[in-house]
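So the chains spell out like this:
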Amino acid sequence: MTDARNRLAAVVRDHELVGVLQAALTDGRPDAADVRLAAPAGGQVSNGREEHRYVRVTGLPITGGEHAADPAGLLILQDVTEVRRTEAIRREFVANVSHELRTPLASLKALAETLEEGALEDPPAAREFLAQMHVEVDSLAQMVQELLDLSKIESGQASLRPETVSAQGLATEAESRLRMQAERAGVRLTLDAPQDLPRVRADPA
């Protein structure tokens, strides 16, 4: 008789799906795996790449039928593409936030150490450092808010607030925040950007 695995292979043409069924039939017990299905020709394309779908496949052997000598099984497929996408977004977001947290924390440490080393005796400089510390604290507060917004990102409800902003101003602000860290590390930091950069539509935050 024709093996059920061969008939399945002719239909689905995916060796991983067939492998799950084969393992279930061979072992006589359920088998499961997550399988990536390639997009068909002409399928959806995102960011220049073909979209793939992920399915959780469970293979169950069927026994006790009329044709016991002809192995048969049941495959249950659950689409987990959106779950995979959400997990990837979460990992990337947490990694980015963890990296970004280093900048304000390092700046606050540098500012506090500078005040301890004598800047407190220079009132104008001390006020400047305190103002910069407020900027860094505000940055930390914003990142905490972004963490709270993670659920919105996962549900696709995150919204941007674009406005017309100066690209030069954004670059200058970033350079200013990093200058003290660079000086304490003995690194020469320069901003090389033309003064006539066009204004852009973006979310400054």
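Quick caveat: nothing in here was measured; it's all calculated off a predicted structure. (Residues numbered from 1 in each chain as written. Predicted model: local features only at pLDDT ≥ 70, side-chain atom pairs only at ≥ 80, totals over all residues. Heavy atoms only, no water.)

Here we take up the overall build of the chain. Along the chain, the regular secondary structure elements total six helices and seven strands. Overall, the chain shows an N-to-C arrangement of helices and strands of α-α-β-β-β-β-β-α-α-α-β-α-β. Here the chain, with 205 residues, has 21% of them falling under the buried criterion. Counting only contacts in the chain whose residues sit at least 6 apart along the sequence, the fraction spanning at least 24 positions is 60%. Accessible surface, the chain: about 14400 Å² in total, of which carbon and sulfur atoms supply 53%. (Helix = DSSP H or I, 4+ residues; strand = E, 2+ residues; numbered from the N terminus. Buried < 20%, exposed > 50% of the residue type's maximum accessible area, 1.4 Å probe, protein only. Contact = heavy atoms within 4.5 Å. Areas by Shrake-Rupley, 256 points an atom, 1.4 Å probe, with all protein chains shown as cover.)

What follows deals with the packing of helix 3 (residues 81–116) against helix 6 (residues 167–184). Contact pair helix 3 / helix 6: the axes reach a minimum separation of 9 Å and the direction vectors enclose 65 degrees. Seen along the crossing, helix 3 lies across helix 6 with a hand that is left-handed. Two secondary-structure elements touch here, helix 3 through T103, P104, A106, S107, A110, L111, E113 and T114 and helix 6 through R177, L178, M180, Q181 and R184. Broken down by class, the residue content of the contact of helix 3 with helix 6 amounts to six nonpolar, four polar and three charged. (Axes fitted to C-alpha atoms, helices over the stretch in contact; angles between N-to-C directions. Left-handed = near helix turned anticlockwise from the far one by under 90°. Nonpolar A, V, L, I, M, F, W, Y, C, P; charged D, E, K, R; others polar.)

Given a rise of 1.5 Å per residue, 36 residues ought to cover 52 Å, and the 53 Å separating the end C-alpha atoms of helix 3 matches this to within 8%. Turning to helix 3, its buried residues number three or more, namely T81, T86, F93, V97, P104, S107, L108, A110, L111, T114 and L115. One or two positions beyond helix 3, positive phi appears at G118, with a value near 130 degrees. (Expected span 1.5 Å × (residues − 1).)

Here we come to the nonpolar core. Residues A110, L111, L115, A119, A125, A126, F129 and M180 constitute the largest nonpolar core, which totals eight residues. Excluding residues that lie within four positions of it along the chain, A119 makes contacts with T114, A126 and F129. Ranked by size, the runner-up nonpolar core spans five residues in total, among them L17, V20, V55 and V57. (Core = buried A, V, L, I, M, F, W, Y, C linked by side-chain atoms within 4.5 Å.)

For the rest of this paragraph, the subject is the confidence of the model for the chain. Residues of the chain with pLDDT of at least 70 account for 81%, and the chain-wide mean is 79. Across the chain, the element-wise mean pLDDT spans from 51 in strand 2 (residues 45–46) up to 92 in strand 6 (residues 163–166). (pLDDT = per-residue confidence, 0-100.)

Now for the sheet that holds strand 5 (residues 72–79). Remark on secondary structure: sheet strands pair via backbone hydrogen bonds, oriented parallel or antiparallel. Strand order across the open sheet formed by three strands is 1-4-5, with antiparallel pairing between neighbours. Either end of the sheet is taken by a strand with one partner, and the two such strands are strand 1 (31–37) and strand 5. Geometrically, the sheet is characterised by an average inter-axis angle of 30 degrees between neighbouring strands, direction not taken into account. By the bridge criterion, seven bridges tie strand 1 to strand 4 (residues 53–62) in an arrangement that is antiparallel. Looking at strand 4, one finds that L37 is bridged to R53. (Pairing = 2+ DSSP bridges.)

This part covers a nonpolar patch on the surface. A grouping of I62, L74 and I76 is seen on the molecular surface, where their side chains present a nonpolar patch of about 260 Å² in accessible area. Note on placement: I76 falls in strand 5. (Patch = residues over 30% accessible without salt bridge, like charges linked within 9 Å, V, L, I, M, F, W, Y side chains within 5 Å. Salt bridge = Lys/Arg side-chain N within 4 Å of Asp/Glu carboxyl O.)

Counted according to the given criterion, the structure contains six salt bridges. Residue D34 is joined to R56 by a salt bridge in which the shortest nitrogen-to-oxygen separation is 2.9 Å. With D34 in strand 1 and R56 in strand 4, this residue pair connects regions lying 22 residues apart in the sequence. A relative accessible area of 36% places R56 in the partly exposed class. In this structure, a network of salt bridges that share partners links the residues D34, R56 and R84.

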